[in-house]
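Single-letter residue listing:
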Amino acid sequence: IQFDVNSDAIKPESGAVLKEMATTLQENPTVNIKIIGHTDSDGDANANLILSKKRALAVKNALINFCGISAARMETDGKGAEAAGLSFVLAGQL
């Protein structure tokens, strides 16, 4: 998932990845996930931690609003610059 710099706005080119995530969830209705957001290491560590949590929440909201995935099946967290990217963890039958 790609975001604008210093923002939780998901870039349009991330649509295919979101659709793939949604398809996986729709095909596996008993699977729950944890979405973990990350940032780069530029700037203040606390600000990056907050931004990473906002990014994870933005992905969750996109899956809810545009793909119809139940909010109850997803939890979010953020790790700041601890690791690059966005984690999509299958949590099994929770």
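Residues numbered from 1 in each chain as written. Predicted model: local features only at pLDDT ≥ 70, side-chain atom pairs only at ≥ 80, totals over all residues. Heavy atoms only, no water.

Student: Describe the environment of Gly78, with residues and values.
Tutor: Inspection of the secondary structure puts Gly78 in strand β2 (residues 74-78). Remark: the alpha-carbon pair of Gly78 and Ser52, spanning 26 residues in sequence, is separated by 4.6 Å. (Helix = DSSP H or I, 4+ residues; strand = E, 2+ residues; numbered from the N terminus.)

Student: Describe the environment of Ser70, with residues and values.
Tutor: Among the secondary structure elements, Ser70 is positioned in the loop between α2 (45-67) and β2. Between the alpha carbons of Ser70 and Lys60 there is a distance of 9.4 Å; along the sequence they are 10 residues apart.

Student: How would you sum up the packing of helix α1 (residues 15-27) against α2? Please name residues and give values.
Tutor: Close contact between α1 and α2 brings their axes to 10 Å; oriented N to C, the two are set at 70 degrees. In terms of orientation, α1 and α2 fall into the roughly perpendicular class. The segment α1 lies against α2, with Leu18, Met21, Ala22, Leu25 and Gln26 engaging Val59, Ala62, Leu63 and Cys67. Among the residues forming the contact of α1 with α2, the class breakdown is eight nonpolar, one polar and no charged. (Axes fitted to C-alpha atoms, helices over the stretch in contact; angles between N-to-C directions. Parallel < 35°, antiparallel > 145°, perpendicular 65-115°, else oblique. Contact = heavy atoms within 4.5 Å. Nonpolar A, V, L, I, M, F, W, Y, C, P; charged D, E, K, R; others polar.)

Student: Mind laying out unusual backbone geometry, listing which residues take part and the relevant values?
Tutor: The backbone phi angle of Asn6 is positive, close to 55 degrees, even though this residue is not glycine. Within the secondary structure, Asn6 sits in the segment before α1.

Student: I'd like to hear about the pattern of salt bridges, residue by residue, with values.
Tutor: Under the definition given, this model contains two salt bridges. Of the charged contacts, one joins Lys53 and Asp77 as a salt bridge, the two residues approaching to 3.9 Å between their closest N and O atoms. Taken together, the positions of Lys53 in helix α2 and Asp77 in strand β2 put the pair 24 residues apart, joining distant regions of the chain. A relative accessible area of 41% places Lys53 in the partly exposed class. Residue classification places Asp77 among the buried positions, given a relative accessible area of 19%. One salt bridge connects Asp77 with Lys79, and the closest N-O pair in it is separated by 3.6 Å. Because the salt bridges share partners, they merge into one network encompassing Lys53, Asp77 and Lys79. (Salt bridge = Lys/Arg side-chain N within 4 Å of Asp/Glu carboxyl O. Buried < 20%, exposed > 50% of the residue type's maximum accessible area, 1.4 Å probe, protein only.)

Student: Quick one: what's the story with α1, residue by residue and with numbers?
Tutor: Relative to the 18 Å expected for 13 residues at 1.5 Å per residue, α1 spans 18 Å between its end C-alpha atoms, a close match to the ideal helical length. Taken together, the buried positions of α1 are occupied by Leu18, Met21, Ala22 and Leu25. The arc enclosing the buried residues of α1, seen along the axis, measures out at 95 degrees, which places them on a common side. Summarising the geometry of α1, the exposed residues directed more than 90 degrees from the buried face are Ala16, Lys19, Glu20 and Glu27. (Expected span 1.5 Å × (residues − 1). Arc of directions from axis to C-beta.)

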